[in-house]
Amino acid sequence: MKKPLFRHADGVRPNTAALAFTVLGWPLGIALLGQAHWVWNVAGVLLVTLTLTWSAYFIHEFAHQAIFRTPEANERWGVLMSWINGSAYARFADLRRKHMRHHVERADVLTFDFQRLLRERPLLRRGVLALEWLHIPAVEFLMRGIVMALPFIDERKRDARGRILGVAAVRLAAWVLLAVWSLKALLLYALSYLLFVHLLRFADCFQHTYDTYPILDETPIPKDKLRDRAYEQANTYSDVVGLDAKWLNLVWLNFGFHNAHHERPVAPWHQLPALHRQLYADDYPQVVTVGELLRAYHHHRVTRVMAENYGEVRPRGTPHRADTFIGAVGVSFLTAV
């Protein structure tokens, strides 16, 4: 009897459809970016942005081995998705290892202490803060740059130098070819990538109030408090468009149902809305909707860069209860070395 390809029997149709949409929609979107009519250009920007976003969240699914039955299949597809969204500078195994620490140790383990870097370099700090004020996610691009640079400045990671150079050469060649075909397509792709980073950052920003630790190696985080399952749920938030906003929540591939994900990390994306309903009441206080968070995302865009903590959410029913939620920055699961 032939063994199933997918880990979950109910995942055959949704995963086949979503993976096909991601893999085929990405080049189709790029093709639309170079068309003459602006309507096709807008469609291309939206399609590229969405497929980049899904490719990132599929990396998350593959890291949890929630899609395919075998670890090997999950890793192969994770590598493919990393080439689509530009995170291939890091090995899939490193991305997975970093993210598993987030779940096991119940903390945000960062690749690099970017706040220390910014404190030590005032000119760089002023530039980053100015870009953040303009809604350009400079910290996220800084963290991606550190992934590329660290093997050349830290001997512990020197083995990754060849990989970094090889990936950079392939991606640079692809950008040149895209520019030769259509400079407009290249510029619109840059816009799509900017929107993609904002979508990931918005989700990352408000899903936890964990402690953060910049740790490059496998050093465990300090045992300075009890980080049990109660702590995990109390410091995890579900930032959904709405509990019944089925199609809009798919922009983040249901990643917004984050409390359910942390309660059952191997549950795949297509099961999370039902799992949330099964686990939590409609008035569950950890649910904070996108509508509530948009003002905080804008208002604290500069403050959160150097903030010492993520702020808090006031009790449900309080006017503007998410106003004090500063949020995280630089914690993307796509940045690891």
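For clarity, every value in this text was computed on a predicted model and none was experimentally measured.

K.L.:
Explanation requested: the overall build of the protein in the structure shown.
P.N.:
Along the protein, the regular secondary structure elements total 15 helices and 2 strands. The C-alpha radius of gyration computed for the protein amounts to 20 Å, which stays within 12% of the reference 20 Å derived for 337 residues, consistent with globular compactness. The buried share of the protein, reckoned over its 337 residues, is 51%. By element, 65% of the accessible surface of the protein is carried by carbon and sulfur atoms, the whole surface being about 16200 Å².

K.L.:
I keep staring at the environment of Trp269 and nothing clicks. Help me out?
P.N.:
Turning to its location among the elements, Trp269 is positioned in the loop between helix H12 (258-263) and helix H13 (272-279). Classification of Trp269 as buried rests on a relative accessible area of 7%. Note: C-alpha distance between Trp269 and Ile84 (185 residues apart in sequence) is 20 Å. Other than its neighbours up to four places away in sequence, Trp269 contacts Pro14, Asn15, Ala18, Phe58, Glu61, Ile67, Leu250, Leu253 and Asn254.

K.L.:
What am I meant to see in the side chain of Thr236 here?
P.N.:
You can see Thr236 is positioned in the loop between helix H10 (229-234) and helix H11 (246-249). Here Thr236 falls in the buried class, since its relative accessible area comes to 0%. With sequence-adjacent residues up to four places away left out, Thr236 is seen in contact with Gln207, His208, Tyr210, His258, Asn259, His262 and Gln286.

K.L.:
Would you explain the packing of helix H1 (residues 12-33) against helix H2 (residues 38-63) in this entry?
P.N.:
For any two helices packed against each other, the geometry is given by the interaxial angle and the distance between the axes. For the pair H1 and H2, the least separation of the axes is 8 Å and the interaxial angle reads 140°. Like other packed secondary-structure pairs, H1 and H2 cross with a definite hand, here left-handed. Considering only residue class, the contact of H1 with H2 consists of 18 nonpolar, 8 polar and no charged.

K.L.:
So what exactly am I meant to see when it comes to the nonpolar core here?
P.N.:
Generally speaking, nonpolar side chains in soluble globular proteins are found buried as a group. Ranked by internal contacts, the top residues of the largest apolar core, which has 72 residues, are Tyr57, Phe58, Phe62, Phe114, Tyr189, Phe196 and Phe206. Other than its neighbours up to four places away in sequence, Phe114 contacts Val139, Leu142, Met143, Val305, Val329 and Gly330. If you look at the next biggest cluster of nonpolar residues, it comprises 9 residues, including Ala260, Ala267, Leu275 and Tyr284.

K.L.:
So what exactly am I meant to see when it comes to the pattern of salt bridges here?
P.N.:
Opposite charge on two side chains allows them to pair when their charged atoms are near. What the rule picks out here adds up to 20 salt bridges. The residue Arg91 makes a salt bridge to Asp94 at a minimum N-O spacing of 3.1 Å. Look at the salt bridges and you will find they share partners, linking Arg91, Asp94, Arg97 and Glu218 into a network.

K.L.:
When you look at helix H6 (residues 122-133) in this model, what are you seeing that I'm missing?
P.N.:
Working note: α-helix, 3.6 residues per turn, so residues spaced by three or four point in the same direction. In a regular helix each residue adds 1.5 Å, so 12 residues correspond to 16 Å; H6 covers 16 Å between its end C-alpha atoms and thus fits that length. One or two positions beyond H6, positive phi appears at His135, with a value near 65°.

K.L.:
Got a minute to help me understand the packing of aromatic side chains in this structure?
P.N.:
Between two aromatic rings, the relevant description is the distance of the centres plus the angle of the planes. Inspection of every chain in the model, using the stated rule, returns 19 aromatic pairs. Consider the rings of Phe6 and Phe68, whose centres lie 5.1 Å apart with planes at 20°: the pair is stacked. Within this pair, whereas Phe6 is found in the segment before H1, its partner Phe68 is found in the loop between H2 and helix H3 (71-85), the two being separated by 62 residues in sequence. A residue is classified by how much of its surface remains accessible, and Phe68, at 2% relative accessible area, is buried.

K.L.:
Would you mind showing me how to read a nonpolar patch on the surface here?
P.N.:
Residues Leu131, Trp133, Leu134, Ile136 and Phe141 make up a contiguous nonpolar surface patch of roughly 460 Å² in combined accessible area. As for its position among the elements, Leu131 is in helix H6.

K.L.:
Even after reading the chapter, I still don't get the packing of H2 against helix H9 (residues 183-205), so can you show me in this structure?
P.N.:
One can describe the packing of H2 onto H9 by two numbers: an axis separation of 8 Å at closest approach and a directional angle of 45°. Judged by the inter-axis angle, H2 sits oblique to H9. In the packing of H2 onto H9, the handedness of the crossing is right-handed. Residues Asn41, Val45, Val48, Thr49, Leu52, Thr53, Ala56 and Tyr57 of H2 touch H9, and the partners they reach there are Lys184, Leu188, Tyr189, Leu191, Ser192, Tyr193, Leu195, Phe196, Leu199, Leu200 and Ala203. Residue composition of the contact of H2 with H9, grouped by class: 14 nonpolar, 4 polar and 1 charged.

K.L.:
Is there a simple way to explain the environment of Val313 in this structure?
P.N.:
As for its placement among the helices and strands, Val313 is situated in the segment after helix H15 (303-306). Take Val313: its relative accessible area is 18%, and that puts it in the buried class. Taking C-alpha positions, Val313 is 42 Å from Glu155, a pair spaced 158 residues apart along the chain. Among residues more than four places away in sequence, those in contact with Val313 are Tyr237, Val288, Arg321, Thr324 and Phe325.

K.L.:
What exactly am I supposed to notice about the environment of Ala179 here?
P.N.:
Mapped onto the elements, Ala179 comes out in helix H8 (residues 161-181). For Ala179, a relative accessible area of 27% translates into the label partly exposed. Ala179 sits 145 residues away from Gly34 along the chain, and the two C-alpha atoms are 9.9 Å apart.

Definitions and limits used
- Residues numbered from 1 in each chain as written.
- Predicted model: local features only at pLDDT ≥ 70, side-chain atom pairs only at ≥ 80, totals over all residues.
- Heavy atoms only, no water.
- Helix = DSSP H or I, 4+ residues; strand = E, 2+ residues; numbered from the N terminus.
- Rg over C-alpha atoms; globule rule 2.2 N^0.38 Å.
- Buried < 20%, exposed > 50% of the residue type's maximum accessible area, 1.4 Å probe, protein only.
- Areas by Shrake-Rupley, 256 points an atom, 1.4 Å probe, with all protein chains shown as cover.
- Contact = heavy atoms within 4.5 Å.
- Axes fitted to C-alpha atoms, helices over the stretch in contact; angles between N-to-C directions.
- Left-handed = near helix turned anticlockwise from the far one by under 90°.
- Nonpolar A, V, L, I, M, F, W, Y, C, P; charged D, E, K, R; others polar.
- Core = buried A, V, L, I, M, F, W, Y, C linked by side-chain atoms within 4.5 Å.
- Salt bridge = Lys/Arg side-chain N within 4 Å of Asp/Glu carboxyl O.
- Expected span 1.5 Å × (residues − 1).
- Phe/Tyr/Trp six-rings, centres within 6.5 Å; stacked < 30°, edge-to-face > 60°.
- Patch = residues over 30% accessible without salt bridge, like charges linked within 9 Å, V, L, I, M, F, W, Y side chains within 5 Å.
- Parallel < 35°, antiparallel > 145°, perpendicular 65-115°, else oblique.

So far we have only geometry, and geometry alone does not tell us how the molecule works.
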